[in-house]
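Chains, contacts and geometry: an overview
Residues per chain are reported as follows:
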Amino acid sequence: MKLGILSWILDRQRTGIDNYLYSIILEMIEAGHANEISLIHYKKTDDLIYEHVNDIIIPSLPFKLTTPLGMSKAIKNGGIEIFHLPSHWHTQISPFFLNSTVKKIITVHDIIPLLFRNNLPSEYKYWGPTLKLIKNRTDCIITDSENTKKDCIKYLNIPEEKIEVIYLAADKRYNYLKNKQELKDELRFKYNINDLFILYVGTVESRKNVSLLIKSFHELKKLGVKHKLVLIGVHGYGSAKIVELVNSLNLVDDVIFTGYVPDNDLVKFYNTADIFIYPSLYEGFGLTPLEAMACGCPVISSNTSSLPEVVGDAGILVDPYDYKILADEIYRLLIDEDLRKELSKKSLQRSKVFNWKKTAKKTWNVYEKVLDGEK
């Protein structure tokens with residue numbers, strides 16, 4: 001097989017989708033497929049992953065034609081038979097999908113730009129029309145969850161038989177660590193976090209429902225809860241209003257915005273937080289709750305979209321539109337140490353259901369089906 005994967009997202013500061021691609025490529029290399037993989041991107045980098053696979057640079061062209069036409073040229077020169085676009089967000093490549101000389105697979109992680117078009121920057125307004133264009137030029141669509149599959153069928157009219165559901169996983173580094181006090185000391189030194197804390201990890205933006213979490217936290221402070229609220233993640237669309245809310249509720253000293261945190265430190269946060277909260281309104285999968293679960297951190301999550309598929313019965317699922325209910329559940333969990341221990345054990349067990357080796361193997365099986373004309 002001569003497989004080409006658009007991999008430019010590996011060359012930036014990695015978050016969810018980037019880690020998904022990096023993880024499955026590593027597992028495919030481990031499974032002996034390195035010689036069959038070509039990573040297609042814009043510039044040479046020194047990442048070690050490129051030493052194990054074929055490295056194809058997209059030729060630079062004028063007039064914003066670099067991506068669609070340059071990629072077509074790179075694929076032709078590399079003799080690529082199957083092309084995998086690992087994220088549906090990169091709609092600037094849609095003209096490439098008019099090319100019929102190579103089989104095409106796209107991973108649709110979610111349909112956020114369709115469902116939340118009013119809560120996203122203006123550049124995403126073309127996402128819906130372009131995906132509707134390329135979906136008919138694609139041999140197979142991979143989704144991260146059954147929920148996203150249902151959404152693709154409902155909102156994009158994609159035939160069910162064209163969709164393969166393949167769950168994601170948490171990186172191997174996310175695991176339970178016993179040296180809690182030592183980890184707390186490290187976080188105190190590096191991030192000046194000296195107290196007990198509740199944790200959120202994800203982009204600080206309106207769709208993630210961070211404002212509701214802050215309102216719930218405000219209710220907890222009225223009850224005398226001593227914990228801090230730590231929000232880990234870059235600031236996204238609508239974050240200014242979230243900061244304003246923190247100021248208006250006089251929570252400046254109790255809500256900590258850390259910004260981006262490296263994975264090695266993130267493991268420490270998951271292991272030392274008392275509770276992980278994820279009130280997102282919509283997720284294609286929900287990777288950060290799974291990371292928290294893999295570290296044994298009790299999870300409270302929304303009961304919407306794909307999140308129940310990930311959390312299962314290992315966490316508490318709540319209505320993401322009622323901040324008082326969320327506050328009640330957080331308080332109940334904070335004062336019940338036995339319940340926290342029970343959810344911690346369930347979380348560790350549940351997280352083992354998901355692993356990147358399984359994800360990579362199922363993805364490779366999709367490649368083979370497409371190559372053989374079974375898709």
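To be clear, the structure that these remarks concern was listed above.
The structure contained in this document is the topic of the report that follows. The structure displayed is predicted, hence computed values, not measured ones. (Residues numbered from 1 in each chain as written. Predicted model: local features only at pLDDT ≥ 70, side-chain atom pairs only at ≥ 80, totals over all residues. Heavy atoms only, no water.)

What follows is about the overall build of the chain. Looking only at helices and strands, the chain features 14 helices and 13 strands. The C-alpha atoms of the chain give 21 Å as radius of gyration, which agrees with the globular expectation for 375 residues (21 Å, within 12%). Residue burial in the chain is summarised as follows: out of 375 residues, 56% are buried. When contacts within the chain are restricted to residue pairs at least 6 apart in sequence, those whose partners lie at least 24 apart make up 67%. When the accessible surface of the chain is split by element, carbon and sulfur atoms take 50% of a total near 16,900 Å². (Helix = DSSP H or I, 4+ residues; strand = E, 2+ residues; numbered from the N terminus. Rg over C-alpha atoms; globule rule 2.2 N^0.38 Å. Buried < 20%, exposed > 50% of the residue type's maximum accessible area, 1.4 Å probe, protein only. Contact = heavy atoms within 4.5 Å. Areas by Shrake-Rupley, 256 points an atom, 1.4 Å probe, with all protein chains shown as cover.)

In contact at an axis separation of 5 Å, helix α12 (residues 323-335) and helix α13 (residues 337-351) are set at 95° when each is read in the N-to-C sense. Taken together, the axis directions place α12 and α13 in an arrangement best described as roughly perpendicular. Within the contact between the two elements, α12 uses Arg 332, Leu 333, Leu 334 and Ile 335 and α13 uses Glu 337, Leu 339, Arg 340 and Leu 343. Grouping the amino acids of the contact of α12 with α13 by side-chain chemistry returns five nonpolar, no polar and three charged. (Axes fitted to C-alpha atoms, helices over the stretch in contact; angles between N-to-C directions. Parallel < 35°, antiparallel > 145°, perpendicular 65-115°, else oblique. Nonpolar A, V, L, I, M, F, W, Y, C, P; charged D, E, K, R; others polar.)

All right, on to a nonpolar patch on the surface then. A cluster of nonpolar side chains, namely Leu 223, Tyr 331 and Ile 335, defines an oily patch on the protein surface of about 300 Å² accessible area. You can see Ile 335 is positioned in helix α12. (Patch = residues over 30% accessible without salt bridge, like charges linked within 9 Å, V, L, I, M, F, W, Y side chains within 5 Å. Salt bridge = Lys/Arg side-chain N within 4 Å of Asp/Glu carboxyl O.)

Once that is clear, we can look at the sheet that holds strand β5 (residues 103-108). Spatially, β3-β2-β1-β4-β5-β6-β7 is the arrangement adopted by the seven strands of the open sheet, whose pairing is parallel. Of all strands in the sheet, those bounded by a partner on one side alone are β3 (54-57) and β7 (163-165). Averaged over all pairs of adjacent strands, the angle between their axes in this sheet comes to 25°, without regard to strand direction. The sheet contact formed by strand β1 (residues 3-6) and strand β2 (residues 37-41) spans four bridges and is parallel. Across the sheet, the residue bridging to Leu 3 is Ile 37, located in β2. Seen against the sheet, helix α5 (residues 146-156) touches β5, β6 (140-143) and β7 and runs at an angle of roughly 165° to β7. Helix α14 (residues 356-371) contacts β1, β2, β4 (82-85), β5, β6 and β7 of the sheet and is inclined by roughly 145° relative to β5. (Pairing = 2+ DSSP bridges.)

Right, let's get into the packing of helix α7 (residues 210-222) against helix α8 (residues 239-248). The geometry of α7 relative to α8 is characterised by a closest axis approach of 10 Å and an angle of 10° between their N-to-C directions. One way to sum up the angle between α7 and α8 is to call them roughly parallel. Mapping the contact onto sequence places Val 210, Ser 211, Ile 214 and Lys 215 in α7 and Ile 242, Leu 245 and Val 246 in α8. Grouping the amino acids of the contact of α7 with α8 by side-chain chemistry returns five nonpolar, one polar and one charged.

Our next topic: the layout of surface pockets. In this structure, the second largest pocket occupies an estimated 520 Å³ of space. The wall of the second largest pocket is formed by 25 residues, among which Lys 180, Asn 271, Thr 272, Ala 273 and Asp 274 lie closest to the centre. Secondary structure elements with two or more residues in the lining of the second largest pocket: α6 (180-191), α9 (263-272) and α13. With six residues, the top contributor of residues to the lining of the second largest pocket is α13. Among the residues making up the lining of the second largest pocket, the classes are represented as eleven nonpolar, five polar and nine charged. (1 Å grid on protein atoms, 1.4 Å probe; cavity = no way out; pocket = protein on both sides within 12 Å on 5 of 7 lines; lining within 4 Å. Points joined across faces, edges and corners; volume = space filled by probe spheres on them.)

Another aspect to go through is the pattern of salt bridges. With the rule as written, the count across this model stands at 18 salt bridges. Put simply, Arg 173 and Asp 171 hold a salt bridge, and the shortest N to O gap is 3.1 Å. Given a relative accessible area of 34%, Arg 173 falls into the partly exposed group. Exposure remark for Asp 171: the relative accessible area of 27% places this residue in the partly exposed category. The salt bridge involving Glu 205 is made with Arg 207; its shortest N-O contact spans 3.1 Å. On the basis of relative accessible area, Glu 205 is assigned to the buried category, the value being 11%. The class of Arg 207 is buried, set by a relative accessible area of 8%.

Leu 199, Phe 269, Tyr 270, Phe 276, Ile 300 and Ile 330 are the most contacted members of the largest nonpolar core, which has 88 residues in total. Of the residues forming this core, the biggest block, seven residues, is contributed by helix α1 (residues 16-30). Here Ile 300 is in contact with Ile 275, Phe 276, Ile 277, Tyr 278, Ile 316, Val 318, Leu 326, Glu 329, Ile 330 and Leu 333, once residues within four sequence places are set aside. Judged by nonpolar contacts, the second largest core, of 27 residues, contains Ile 75, Phe 116, Cys 152 and Leu 156. (Core = buried A, V, L, I, M, F, W, Y, C linked by side-chain atoms within 4.5 Å.)

By the definition in use, this model includes eleven aromatic pairs. Residues Tyr 200 and Tyr 278 carry aromatic rings whose centres are separated by 5.9 Å and whose planes lie at 15° to one another, so their mutual orientation is stacked. With Tyr 200 in strand β8 (residues 197-201) and Tyr 278 in strand β11 (residues 275-278), the pair connects residues that are 78 residues apart, well separated along the chain. For Tyr 200, a relative accessible area of 0% corresponds to the buried category. Their ring planes at 80° and their centres at 5.9 Å tell us that Phe 285 and Phe 354 sit as a pair that is edge-to-face. Placement of Phe 285 in the loop between β11 and α10 (287-294) and of Phe 354 in the loop between α13 and α14 is noted, with a sequence separation of 69 residues between them. In terms of burial, Phe 285 and Phe 354 fall into one category: buried. Through a chain of ring-to-ring contacts, the aromatic side chains of Tyr 174, Tyr 200, Tyr 270, Phe 276 and Tyr 278 assemble into a single cluster. (Phe/Tyr/Trp six-rings, centres within 6.5 Å; stacked < 30°, edge-to-face > 60°.)

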